[in-house]
Amino acid sequence: MTNLKKWQIIKSELVFQNRWCQVRQDAVKLSSGQVIDDYFVNIRPEIVLVVPVTGDNQLVFVRQYRHGVKEILLEFPAGAVAAGEDNITAAARREFEEETGYQSDSLIPLAVLYDNPVKDTNRIHIFLALNATPTGQQKLDITEEIEVILRPLQEINPQEITVSGSLAAFYLARDFLKQN
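I will try to describe carefully the structure that is included in this document. Here the structure is a predicted model, which is why all the values come from computation and not from measurement.

### Observations regarding the overall build of the chain
- Counting its regular elements, the chain contains two helices and eleven strands.
- Taken from N to C terminus, the helices and strands of the chain fall in the order β-β-β-β-β-β-β-α-β-β-β-β-α.
- Within the chain, residue pairs in contact and separated by at least 24 positions form 57% of the contacts whose partners lie at least 6 positions apart.
- When the accessible surface of the chain is summed, it comes to about 11100 Å², and 50% of that surface belongs to carbon and sulfur atoms.
- Distance from the positive charge centre (18 side chains) to the negative charge centre (24 side chains) of the chain: 7 Å.

As structure tokens, this is what we get:
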């Protein structure tokens, strides 16, 4: 039994909105009775992330610049579920091919994780793509410049993966592959 209680929302207002970002300001009452009138929440779309494995056990990574941290990072292909896109698996398949120019007929859902539940509304839907094959059909967004990297599964150093969603996905995929 737990004594934890959800916060009571007193007021909620969208205070910023454009195509890149939406921010909501909530006034909340904590279980202690204290009121916080300026709790800001980022309204973000659901994310799909794919761990692609080729037929010869190579992982397909992407390297790209991430402006928030001003670094070029190694991660798995991922992206937002588009507005009105109801099929999460189809969104994963689309994002995977758009970013890498690879596809797979076998997408296996591994987990659904919260990205940053303190301030963000979205989740990351993690998939394993088996027998990934190149199509040459990369379709990058205006903000994307992506280098596709193949690495043998056995040679991956998890410390190279510094994006939390990709690191969690790596361990989930590795454990799934070991068990199956």
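After presenting the structure, the write-up continues.
### A closer look at helix α2 (residues 164-179)
- With 16 residues, α2 extends 23 Å from end C-alpha to end C-alpha; this agrees with the ideal 22 Å at 1.5 Å per step.
- Taken together, the buried positions of α2 are G165, S166, A169, F170 and A173. Taken down its axis, α2 places every buried residue within 135 degrees of arc, on the same side. In α2, the exposed positions angled more than 90 degrees off the buried face are occupied by S164, K178 and Q179.
- The secondary structure elements touched by the buried residues of α2 are β4 (47-54), β5 (58-66), β6 (71-75), β9 (106-114) and β10 (123-134).

### Describing the pattern of salt bridges
- Applying the stated criterion across every chain yields a total of eleven salt bridges.
- Note that E98 and R94 form a salt bridge whose closest N and O atoms lie 3.3 Å from each other. On the criterion of helical spacing, the pair formed by E98 and R94 is a turn pair, its members being four residues apart in helix α1 (residues 88-100).
- Overall, E98 belongs to the buried group, its relative accessible area being 18%.
- A network of salt bridges, in which partner residues are shared, links E85, R94, E95 and E98.

### Topic: the sheet that holds strand β2 (residues 22-29)
- Spatial ordering of the open sheet is given by β1-β2-β3, a layout of three strands whose pairing is antiparallel. Edge strands, defined here as strands with exactly one partner in the open sheet, are β1 (8-17) and β3 (35-42). Taken over all neighbouring pairs, the strand axes of this sheet differ in orientation by 25 degrees on average, direction set aside.
- Examined bridge by bridge, β2 and β3 share six bridges and lie antiparallel to one another. Note that in β3 the partner of D26 across the bridge is Y39.

### Observations concerning the layout of surface pockets
- Space inside the largest pocket adds up to approximately 1500 Å³.
- In terms of lining, the largest pocket is formed by 41 residues, of which the most central are R44, I47, R66, G79 and A80.
- Elements represented by at least two residues in the lining of the largest pocket include exactly β4, β5, β6, β7 (78-80), α1 and α2.
- No other element matches the four residues that α1 contributes to the lining of the largest pocket.
- Taken as a whole, the second largest pocket encloses approximately 170 Å³ of empty space.
- When its residues are assigned to classes, the lining of the second largest pocket shows four nonpolar, no polar and two charged.

About the criteria used
Residues numbered from 1 in each chain as written. Predicted model: local features only at pLDDT ≥ 70, side-chain atom pairs only at ≥ 80, totals over all residues. Heavy atoms only, no water. Helix = DSSP H or I, 4+ residues; strand = E, 2+ residues; numbered from the N terminus. Contact = heavy atoms within 4.5 Å. Areas by Shrake-Rupley, 256 points an atom, 1.4 Å probe, with all protein chains shown as cover. Lys, Arg positive; Asp, Glu negative; His and termini not counted. Charge placed at Lys NZ, Arg CZ, Asp CG, Glu CD. Expected span 1.5 Å × (residues − 1). Buried < 20%, exposed > 50% of the residue type's maximum accessible area, 1.4 Å probe, protein only. Arc of directions from axis to C-beta. Salt bridge = Lys/Arg side-chain N within 4 Å of Asp/Glu carboxyl O. Pairing = 2+ DSSP bridges. Axes fitted to C-alpha atoms, helices over the stretch in contact; angles between N-to-C directions. 1 Å grid on protein atoms, 1.4 Å probe; cavity = no way out; pocket = protein on both sides within 12 Å on 5 of 7 lines; lining within 4 Å. Points joined across faces, edges and corners; volume = space filled by probe spheres on them. Nonpolar A, V, L, I, M, F, W, Y, C, P; charged D, E, K, R; others polar.

So, to be careful, I would describe these as geometric facts and stop short of saying anything about function.
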